[in-house]
Structures are given as C-alpha cells and as structure tokens.
Amino acid sequence: MLEILALGYFSKKVRSIAEEKNINPSKWIWRLVLTWFGVEIATIVSIFVFTDANIENDIFIVVLPALVLAVISAFYTVYQLEQKPQEPSKELKTEALKI
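Reading the values: the criteria
Residues numbered from 1 in each chain as written. Predicted model: local features only at pLDDT ≥ 70, side-chain atom pairs only at ≥ 80, totals over all residues. Heavy atoms only, no water. Helix = DSSP H or I, 4+ residues; strand = E, 2+ residues; numbered from the N terminus. Expected span 1.5 Å × (residues − 1). Buried < 20%, exposed > 50% of the residue type's maximum accessible area, 1.4 Å probe, protein only. Arc of directions from axis to C-beta. Contact = heavy atoms within 4.5 Å. Phe/Tyr/Trp six-rings, centres within 6.5 Å; stacked < 30°, edge-to-face > 60°. Axes fitted to C-alpha atoms, helices over the stretch in contact; angles between N-to-C directions. Parallel < 35°, antiparallel > 145°, perpendicular 65-115°, else oblique. Left-handed = near helix turned anticlockwise from the far one by under 90°. Nonpolar A, V, L, I, M, F, W, Y, C, P; charged D, E, K, R; others polar.

S.K.: Lay out helix α1 (residues 2-20) in plain terms, naming residues and giving numbers.
M.R.: Counted at 1.5 Å a residue, the expected span for α1 with its 19 residues is 27 Å, and the 27 Å between its end C-alpha atoms agrees. Buried residues of α1: L7, F10, S11, V14, I17 and A18, and no others. Taken around the axis of α1, the buried residues stretch over an arc of 135°, which confines them to a single face. The outward face of α1, more than 90 degrees from its buried face, is lined by the exposed residues L2, L5, K12 and E20. Buried residues along α1 sit in contact with α2 (25-50) and α3 (59-83). N22 lies just past α1 and shows a positive phi near 60°.

What follows is the structure, encoded as structure tokens:
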C-alpha cells in the first residue's frame, strides 16, 4: 500500500515538473514506474540468488533493501527530469509558422 502511495507521489511530482518544462509527462511517468519495478525485482532476485535467504522466513529482509533502492531510483528519475532543459512552447512554434 505504501508503495502505491509513493508511486503516486512521484508520478505527481514528475507530471508537475514535466508540465513546467513543456515536456510530455507520460514518457517520464512510464520511465519512473518501469524503473521502480525493474530495480525492485532485480534487487529481490539478486539477493535470493547470491545469498541463501529463505523466501518464507527472510522476505522482509529481502524486500526492504529492494524498496529503498526503488525509492532511490525514483529520486534519480526526478533529478534527471529536473536537469532537462525547458523546451519551447508549442504555441510559439505554430505562431512562427503563420508569419
């Protein structure tokens, strides 16, 4: 449940930053969600493969670092979006073509 709330928070943040910079937010939201789940799944699988953790007893110990790394990946995605330069408004492009 907390994971869904965190994804909602980061999605809203990405949407607001992208709209301020005139960038399509859907591309960045997809990137955020896919990166989140990719990092989380890769971390869980890696921990189970490289340690002798038991899935029934050690699931919390395995999921906790996966969630932490997923949150870090979300912060990094937001950071990458913040570093993108602002794109010119599309309204200006159409006005320039009319002249």
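S.K.: An account of the packing of aromatic side chains is needed here, citing residue identities and associated values.
M.R.: Overall, the coordinates contain four aromatic pairs when judged by the stated rule. Both rings, one in F10 and one in W36, keep their centres 6.4 Å apart while their planes meet at 50°; by these two values the pair is tilted. Of the two residues, F10 is situated in helix α1 and W36 in helix α2; the sequence distance between them amounts to 26 residues. Here the two residues F10 and W36 agree in accessibility, since each one is buried.

S.K.: So what about the packing of α2 against α3? Which residues, and what values?
M.R.: Running from amino to carboxyl end, α2 crosses α3 at an angle of 150°, the nearest separation of the two axes being 8 Å. In terms of orientation, α2 and α3 fall into the roughly antiparallel class. Of the two elements, α2 crosses α3, and the hand of that crossing is right-handed. Here the residues of the contact of α2 with α3 are counted per class, giving 18 nonpolar, five polar and two charged.

Distances and angles like these do not, on their own, reveal function.
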